[in-house]
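# Secondary and tertiary structure notes
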Amino acid sequence: MRAAWWVARRELASASSSLPTYAAAAIFLCLAALFFNSALDETREASLRSFIEPLDFLVLVLVPMFAARALADERRTGTAEILFTLPAAPWSIVAGKFAAVVVLGLATLATTLVFPFALEQVGSPDRGPMASQYLGAVLLVCAMAAIGVATSSLSSSAALAGTTALVVTLALWFAGS
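Scope of this entry: the structure provided in the associated data block. What you see is a predicted model; the values in this text were computed from it and never measured. (Residues numbered from 1 in each chain as written. Predicted model: local features only at pLDDT ≥ 70, side-chain atom pairs only at ≥ 80, totals over all residues. Heavy atoms only, no water.)

A few words now on the overall build of the chain. Counting its secondary structure elements, the chain contains 9 helices and 0 strands. Listing each helix as α and each strand as β along the chain from the N terminus yields α-α-α-α-α-α-α-α-α. Here the C-alpha radius of gyration of the chain, 18 Å, is about what a compact globule of 177 residues would show, namely 16 Å. Each principal axis of the C-alpha distribution contributes one length, and for the chain these read about 55 × 30 × 25 Å. In the chain, which comprises 177 residues, the proportion classed as buried is 38%. Sequence-distant contacts, at least 24 apart, represent 80% of the contacts inside the chain between residues at least 6 apart. Of the roughly 9,400 Å² of accessible surface on the chain, a fraction of 69% belongs to carbon and sulfur atoms. (Helix = DSSP H or I, 4+ residues; strand = E, 2+ residues; numbered from the N terminus. Rg over C-alpha atoms; globule rule 2.2 N^0.38 Å. Buried < 20%, exposed > 50% of the residue type's maximum accessible area, 1.4 Å probe, protein only. Contact = heavy atoms within 4.5 Å. Areas by Shrake-Rupley, 256 points an atom, 1.4 Å probe, with all protein chains shown as cover.)

Structure (structure tokens):
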């Protein structure tokens, strides 16, 4: 378990020093704010009901992109051999990569928590449905991270892994619609 935390910390340190991570999070937040404003103007009610579906779609696109680099870049740069020869089980390395992607996804999702607080200022929304909607978004982050890490393990190209993960997640999204 210690190896998984070490891998997760290493991956988070790498992502936090990467400009594309911040750019993707900023684009996510801007689009989420746009969807929130649009949903609030459209419904004129203190509810996240019409905001959560576009938010879920943004999560569906963003998290697999975070996960695309997880194992694919290790293969591409040649560090996978070094990583897998460490005195750690392969599952702990994959678990660490998964944990890092989940933390990145949840940190990005946490930036949208300002919207329920804004709703509190303009009305009295029902907190139960809002909490359950965010719980669903958290579970969606975990599922998308799993799909993204799985596709990243199959390719040495981050672009191919990201595209494959996006196709899989969109296929699941449309199959459920």
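This structure, assessed with the given rule, holds 4 aromatic pairs. Relative to phenylalanine 51, the ring of phenylalanine 36 has its centre 5.5 Å away and its plane inclined at 85 degrees; by these criteria the two rings are edge-to-face. On the criterion of sequence distance, the pair formed by phenylalanine 36 in helix α2 (residues 19–43) and phenylalanine 51 in helix α3 (residues 49–67) is long-range, its members being 15 residues apart. Here phenylalanine 36 matches phenylalanine 51 in class, with each residue buried. Ring centres of phenylalanine 36 and phenylalanine 115 lie 4.5 Å apart, and the angle between their planes is 15 degrees; on these two criteria the pair is classed as stacked. Highlighted residues: phenylalanine 36 in helix α2 and phenylalanine 115 in helix α7 (residues 114–122), separated in sequence by 79 residues. (Phe/Tyr/Trp six-rings, centres within 6.5 Å; stacked < 30°, edge-to-face > 60°.)

At a closest axis distance of 8 Å, the pairing of α3 and helix α9 (residues 158–176) adopts a crossing angle of 150 degrees. One finds that α3 runs roughly antiparallel with respect to α9. Relative to α9, α3 is oriented so that their crossing is right-handed. Taking contact as the criterion, the partners of Glu53, Asp56, Phe57, Leu60, Val61, Pro64 and Met65 in α3 are, on α9, Gly162, Thr163, Ala165, Leu166, Thr169, Leu170 and Trp173. (Axes fitted to C-alpha atoms, helices over the stretch in contact; angles between N-to-C directions. Parallel < 35°, antiparallel > 145°, perpendicular 65-115°, else oblique. Left-handed = near helix turned anticlockwise from the far one by under 90°.)

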